[in-house]
Every structure is written in C-alpha cells, then in structure tokens.
Amino acid sequence: MNKMKSLPGSRIGVLGKGGAGKSTLVAILAQALHRRGYDVCVIDADSTNFGLPQSLGMDSPPKTLLDLYGGMVFSGGVVTCPVDDPTPLADPEITIDELSRQYYAQNDAGIILMTAGKIGNHGPGAGCDGPIAKIARDLIVHNGNGELVTLIDFKAGFEDSARGVLTNLDWAIVVIDPTIASVEIASDMRAMIDQIKADVLPATAHLESPELVAVANKLYTDAKIKDVFFVMNKIPDQETEKYLREKLAQKDIDPIGSISEDSSIPAAWLKGTQIQAKNAFAEAQKIIEVLEEGTAVSS
Ligand SMILES: Nc1ncnc2c1ncn2[C@@H]1O[C@H](COP(=O)(O)OP(=O)(O)OP(=O)(O)O)[C@@H](O)[C@H]1O
Ligand SMILES: [Mg+2]
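Below is a summary of the structure that appears in this document. (Residues numbered from 1 in each chain as written. Chains lettered and ligands numbered in written order. Predicted model: local features only at pLDDT ≥ 70, side-chain atom pairs only at ≥ 80, totals over all residues. Heavy atoms only, no water.)

**Let's talk about the overall build of the protein chain**
Heads up, the condition is: In DSSP terms, a helix is any run of H or I states spanning at least four residues, a strand is any run of E spanning at least two, and both are numbered starting from the N terminus. Computation of the radius of gyration draws on C-alpha atoms, with the globule rule given as 2.2 Å multiplied by the number of residues to the power 0.38. Accessibility here uses a 1.4 Å probe with only protein chains present; expressed as a share of the type maximum, an area under 20% marks a residue as buried, one over 50% as exposed, and anything in between as partly exposed. By the convention used here, residues are in contact when the closest approach between their heavy atoms is within 4.5 Å. Note that accessible areas follow from Shrake-Rupley with a 1.4 Å probe, and for residues the cover is restricted to the protein chains shown. In this tally Asp and Glu are treated as negative and Lys and Arg as positive; neither His nor the chain ends contributes. Charge placement uses NZ in Lys and CZ in Arg. For Asp and Glu, CG and CD serve respectively.
Tallying secondary structure elements over the protein chain gives 10 helices and 10 strands in all. Computed over its C-alpha atoms, the radius of gyration of the protein chain comes to 18 Å, within 12% of the 19 Å expected for a compact globule of 299 residues. A buried classification covers 53% of the 299 residues belonging to the protein chain. Restricting the contact set of the protein chain to residue pairs at least 6 apart, pairs at least 24 apart contribute 80%. For the protein chain, the computed accessible surface area is about 13100 Å², with 51% contributed by carbon and sulfur atoms. Positive and negative charge centroids in the protein chain, built from 27 and 40 side chains respectively, lie 3 Å apart.

And the structure:
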C-alpha cells in the first residue's frame with residue numbers, strides 16, 4: 001500500500017514540555033502502529049525517567065545501549081558528549097537479529113524496546129547525559145523482515161534538541177498539554193526545526209578545532225528532518241480543545257490530533273502496567289492516518 005511506504009524505515013522523535021505526555025504518546029502510538037500492521041521499535045532516550053517498558057507491557061528494561069557502545073567518556077568509557085565532540089557514534093546501525101538479546105525487550109505483540117542509557121547509576125559526578133543523547137541522535141535500528149518504524153521518547157525540554165538529535169530524525173512530533181508553556185515550547189520547537197531545514201548552522205563558538213566545527217556544521221546542513229507534527233494531549237473537554245487550538249493557531253500551529261484525558265493512563269504509570277486506554281487508541285489511529293498522509297506528501 002502506497003501510504004504505508006513512508007513510515008517504515010523512518011525515525012520519529014517525540015518531544016515536548018516535561019510531563020506533557022511524550023512517553024504516554026509513545027506507548028499509545030507504538031501499540032496503535034503495531035495494530036495497523038507496522039513493525040515498531042521504541043527507543044527510550046530519556047536518561048532520567050523510568051516506566052516506559054512497563055507501559056508497553058514489558059517486565060523489565062533491557063541492558064542499555066550505552067553499555068553496548070562502551071560507556072560514557074566521563075566514566076572512562078568511549079561515548080563522547082555531542083556538544084564537545086559532534087563526531088558520529090561508531091557503528092550506529094543495529095540489526096535486531098544480530099543484536100545480543102540482553103539489549104532489547106519485546107512485548108507479547110512483538111514491539112521492540114531499547115534503552116539508550118540511564119544516568120542514575122553511574123556514580124557521583126557522572127551526571128551529564130550527553131553521550132546518551134549521542135546514541136539517541138545516531139542510532140539506526142533495522143530488522144530482518146522489512147523496516148521498522150522507530151519511535152524515540154526524548155527527555156523533556158530542549159537540551160537534546162540543542163545537542164543535535166533533531167538532525168537525524170525523519171519527523172518530530174511535539175506533544176502539547178493544555179498549558180501556556182506547551183504552546184510556547186511548540187512554537188520554539190517549530191522555529192528550531194524551520195531553522196535546521198533552512199540550513200542555519202549550529203552554535204560552535206566553544207569548539208576550538210576547525211575540523212569539529214566542520215563536523216557540527218555538516219550534521220546540520222545534511223539534516224534529514226522533513227517536518228514536525230503537533231499532537232494535543234490530556235484534553236479534558238471540547239471547550240479546552242477549542243481554546244488550545246485557537247492559541248496554537250495564533251502561532252501558526254495546526255495539531256494533527258488530540259488524546260483525551262483518561263484516568264486509566266496515570267493509573268498505568270502508577271502501577272507499572274501496560275497502557276491500554278481504548279479511547280486513546282482510537283484517537284491514535286486517526287493521528288496515524290494523518291501521519292501517513294502527511295509523511296507521504298512531505299517525503
Ligand atoms: N491523556 C492523558 N490523560 C490523563 N493523564 C495523562 C495523559 N497523558 C499523560 N498523562 C499523565 O501525565 C503524566 C505525564 O505523562 P508522561 O510521563 O507521558 O509525560 P512525559 O512528557 O513523558 O513526561 P516527562 O517529561 O517526565 O518524561 C503521567 O502521570 C501520566 O499518567
Ligand atoms: Mg517521558
């Protein structure tokens with residue numbers, strides 16, 4: 001089917017304000033995409049959060065890719081911070097069938113999850129998660145039978161974006177909860193992606209070596225990101241949705257869909273159980289239809 005063509009093999013990053021519902025949308029979209037016939041891989045790229053495997057019905061997280069790639073430079077490992085060292089991760093392409101089983105989890109449906117890395121357990125003073133962002137920036141996952149849709153759950157805010165993770169995404173989805181902060185962040189995120197698409201170069205005044213400046217510039221001029229989509233979440237009623245849509249329209253933002261507020265979602269995050277909100281799945285199917293259309297047009 002023609003429509004399906006653009007999503008398999010693509011990397012879709014989910015971004016937005018802290019607590020807006022990035023991880024929730026990832027868990028819902030992953031399951032909804034799977035139900036629609038896609039092979040799905042989720043990358044947990046939030047270095048400080050927990051619970052994503054359980055939200056997808058997995059018992060426990062896999063060993064981290066940071067371990068696979070040799071640990072972070074701050075602890076004597078090899079993976080560097082992309083701000084100081086924009087050079088690519090060595091061997092960023094992973095094929096599931098060739099990967100040691102300990103580095104991925106899989107739920108009953110077959111959805112795959114990998115964890116980029118967590119900073120909580122690396123000792124005092126090892127609190128910079130730049131190397132984890134580099135893994136999230138560069139990692140490309142393949143499977144044996146066709147191509148995966150990769151969904152990446154990022155850490156809140158702009159830090160990872162400023163570290164270059166947007167450059168290697170095909171599409172970004174910004175989650176917007178009904179707050180002024182979310183509206184502002186959505187607008188800033190759109191501006192940043194527009195700048196990348198317009199080949200505006202990154203901040204490199206801190207880099208002494210001209211070679212590294214060239215690497216950083218190339219990362220941005222070669223950036224593959226095609227577009228950004230916006231999804232509203234935690235919408236309690238139509239009045240709120242209407243108001244939020246108006247505020248977003250003032251910033252020229254037209255969301256492709258919304259997920260309603262649903263009390264089963266916080267319950268799942270509290271208990272560590274799979275997110276199975278029926279209404280949200282129906283809303284996610286609509287979002288996927290728009291994504292299929294939108295990505296086909298802009299690819
Ligand atoms: N549609 C929804 N209805 C009700 N509660 C929701 C909904 N989406 C998210 N929540 C609740 O909001 C909180 C934050 O959600 P979530 O963890 O998905 O956000 P996040 O953007 O990933 O947060 P963080 O920035 O901490 O990673 C959770 O407690 C979750 O249960
Ligand atoms: Mg999250």
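Alright, that's what it looks like, and here's the rest.
**Structural notes on the site of ligand 1**
Convention followed: Any residue with a non-hydrogen atom lying within 4 Å of a molecule or strand is treated as near it. Nitrogen and oxygen atoms within 3.5 Å of one another constitute a polar contact, given that in protein one can donate a hydrogen and the other can accept it, and given that sequence-neighbouring residues count only through two side-chain atoms. Cavity means a closed set of points on a 1 Å grid over the protein atoms alone, one where a 1.4 Å probe fits but cannot get out, pocket means an open set with protein on both sides within 12 Å along at least 5 of 7 lines, and lining means a residue has an atom within 4 Å of a point. Any molecule with more than half of its atoms within 2 Å of a cavity's or pocket's grid points is counted as sitting in it. Only Asp, Glu, Lys and Arg are considered charged in this grouping, and only Ala, Val, Leu, Ile, Met, Phe, Trp, Tyr, Cys and Pro are considered nonpolar; every other residue, Gly among them, is considered polar.
In the neighbourhood of ligand 1, 20 residues make up the surrounding shell, with Gly 21, Lys 22, Ser 23, Thr 24 and Asp 262 lying closest. Thr 24 places a side-chain nitrogen or oxygen 2.5 Å from an oxygen atom of ligand 1. Within the backbone of Pro 266, an N or O atom sits 3.2 Å from an oxygen atom of ligand 1. About the coverage of ligand 1: the protein hides 82% of its 630 Å² of free accessible area. Comparing atom positions with the cavity grids shows ligand 1 to sit within the largest pocket. Looking at the shell around ligand 1, the elements with two or more residues in it are helix 1 (22-35), strand 9 (227-235), strand 10 (257-260) and helix 9 (264-271). Residue composition of the shell around ligand 1, by class: six nonpolar, eight polar and six charged.

**Describing the layout of surface pockets**
Vacant regions in the atomic arrangement are exposed by a probe of water-molecule size rolled over the atoms. Going by this rule: Grid points are joined across faces, edges and corners, and a volume is the space filled by probe spheres set on the points.
Quantified by volume, the largest pocket comes out at close to 390 Å³. Around the largest pocket sit 25 residues that line it, and Gly 19, Gly 21, Lys 22, Thr 24 and Trp 269 are the ones nearest its centre. Counting only elements with at least two residues in the lining of the largest pocket, the list comes to helix 1, strand 9 and helix 9. Considering only residue class, the lining of the largest pocket consists of eight nonpolar, nine polar and eight charged.

**Regarding the pattern of salt bridges**
Cut-off, in case you're wondering: The term salt bridge refers to a side-chain nitrogen of Lys or Arg lying within 4 Å of a carboxyl oxygen of Asp or Glu.
Tallied over the entire structure, the rule returns 18 salt bridges. Among the ionic pairs, Glu 292 bridges to Arg 36, the shortest N-O distance being 2.8 Å. You can see Glu 292 sitting in helix 10 (residues 278-298) and its partner Arg 36 sitting in the loop between helix 1 and strand 2 (40-44), a full 256 residues away along the chain. We note a salt bridge from Asp 138 to Arg 137, for which the minimum N-O separation is 2.7 Å. The exposure class assigned to Asp 138 is buried, which follows from its relative accessible area of 10%. Through salt bridges with shared partners, a single network forms among Asp 129, Lys 155, Glu 159, Asp 160 and Arg 163.

**Quick notes on the pairing of strand 9**
Stated formally: Two strands make a pair as long as DSSP finds a minimum of two bridges between them. Consider the strands pointing away from the viewer: the crossover is right-handed when the path from the first strand over the helix to the second runs clockwise.
By the criterion of burial, strand 9 is predominantly enclosed, with seven of the nine residues buried. Bridging between strand 8 (residues 171-176) and strand 9 involves six bridges; their strand directions are parallel. When the sheet's bridge partners are listed, Ile 173 is paired in strand 9 with Phe 229. Pairing geometry for strand 9 and strand 10, over three bridges, is parallel. Paired with Val 231 across the strands is Gly 257, a residue of strand 10. Taking the sense of rotation as the criterion, the β-α-β connection linking strand 9, helix 8 (residues 238-249) and strand 10 turns out right-handed.

**Side note on the sheet that holds strand 10**
Condition: The axes are straight lines fitted to the C-alpha atoms, using for helices just the contacting stretch, and the angles between their N-to-C directions are given from 0 to 180°.
Across the sheet, eight strands lie side by side as 4-5-2-7-1-8-9-10; this open sheet has mixed pairing. Here the strands that pair on one side only, and so sit at the sheet edges, are strand 4 (105-106) and strand 10. In the sheet, strand 2 pairs with strand 7 (residues 149-153) via five bridges, with the strands oriented parallel. The residue of strand 7 that forms the bridge with Val 42 is Leu 151. Relative to the sheet, helix 6 (residues 180-197) contacts strand 1 (11-16), strand 8 and strand 9, its axis offset from that of strand 8 by approximately 165°. In the packing of helix 8 onto the sheet, contacts are made with strand 8, strand 9 and strand 10, and the angle to strand 9 comes to roughly 150°.

Read these as geometric descriptors, not functional statements.
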